[in-house]
Amino acid sequence: MEMTLRELINSVDAEQYSDSPLFLQLTQTKPEYGASRHIQVAESDGNIIVTGVHVGSLGDILTYSIDVDPNLNVSKTQLLEAIQR
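Since the structure is predicted, the reported quantities are computational estimates derived from the model, not experimental observations.

Looking at this structure, how should I read the nonpolar core?
The nonpolar side chains of soluble globular proteins are, as a tendency, buried together. The biggest cluster of nonpolar side chains holds 19 residues, and the ones touching the most others in it are Leu5, Leu8, Ile39, Ile66 and Leu80. Put simply, the parts of the chain that give this core at least two residues each are helix H1 (5-11), helix H2 (21-28), strand E2 (38-44) and helix H4 (76-84). Among all residues touching Ile39, those that are not within four sequence positions of it are Leu5, Val50, Thr51, Gly52, Val53, Ile61, Tyr64, Ser65, Ile66, Asp67 and Ile83.

Below is the structure:
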C-alpha cells in the first residue's frame, strides 16, 4: 500500500469520520509540497505504532508517504485511525 496521507484520506468513507475534527480539518487543508518525509507504520506487542508524524503544518503532513511494515496486515480504516491518534 503506497500512498500519501492525502490519498489515504480521499480513499476512505468520509461519512465514517464525520465526528472527527482532525479528519474534517485534513480534508479541507490544501497540501503543501515541502520536504519528502515518510510516516512509518509497524506493529509492536499487538499495537499499531505510528512514527514520523511531527509536522510544521497540516499541509505538509498531507504530502508524506506512508510506509507500512510489509508484515502488518492493516486496512485503510485501521491505518487512518492509527495515524489520527
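Having put the structure on the table, let's press on.
Would you take a moment to explain the packing of aromatic side chains for this structure?
Aromatic ring pairs are reported here in terms of the distance separating the ring centres and the angle at which the planes meet. In total, this model carries one aromatic pair according to the counting rule given. Each ring, one from Tyr17 and one from Phe23, has its centre 4.9 Å from the other, and the planes form 25 degrees; the classification is stacked. There is no split in this pair, since Tyr17 and Phe23 are both buried.

Before we go on, may I ask you to explain the sheet that holds strand E4 (residues 65-68) in this structure?
Sheet strands associate in pairs through backbone hydrogen bonding, adopting either a parallel or an antiparallel arrangement. Pairing in this open sheet of four strands is mixed, and the strands run E1-E4-E2-E3 from one edge to the other. Bordering the open sheet on either side are strand E1 (3-4) and strand E3 (47-51), each of which pairs with just one other strand. Sheet analysis places E2 next to E4, joined by four bridges and oriented parallel. The partner of His38 across the bridge, within E4, is Ser65. Against the sheet, H4 engages E1, E2, E3 and E4, with an angle of about 60 degrees to E3.

Explanation requested: the environment of Leu22 in the structure shown.
Checked against the element boundaries, Leu22 lands in helix H2. With a relative accessible area of 33%, Leu22 lands in the partly exposed category. For the pair Leu22 and Val68, spaced 46 residues apart in sequence, the C-alpha to C-alpha distance is 21 Å. If near-sequence neighbours (up to four positions away) are discounted, Leu22 is found in contact with Leu58 and Gln84.

When you look at the pairing of E4 in this model, what are you seeing that I'm missing?
The side chains of a regular strand alternate between both faces of the sheet. The pairing of E1 with E4 spans two bridges and is antiparallel. Note on E4: the bridge partner recorded for Met3 is Ile66.

Rules of the game
Residues numbered from 1 in each chain as written. Predicted model: local features only at pLDDT ≥ 70, side-chain atom pairs only at ≥ 80, totals over all residues. Heavy atoms only, no water. Core = buried A, V, L, I, M, F, W, Y, C linked by side-chain atoms within 4.5 Å. Buried < 20%, exposed > 50% of the residue type's maximum accessible area, 1.4 Å probe, protein only. Helix = DSSP H or I, 4+ residues; strand = E, 2+ residues; numbered from the N terminus. Contact = heavy atoms within 4.5 Å. Phe/Tyr/Trp six-rings, centres within 6.5 Å; stacked < 30°, edge-to-face > 60°. Pairing = 2+ DSSP bridges. Axes fitted to C-alpha atoms, helices over the stretch in contact; angles between N-to-C directions.

Take it as geometry only, folks, not as evidence of what the structure does.
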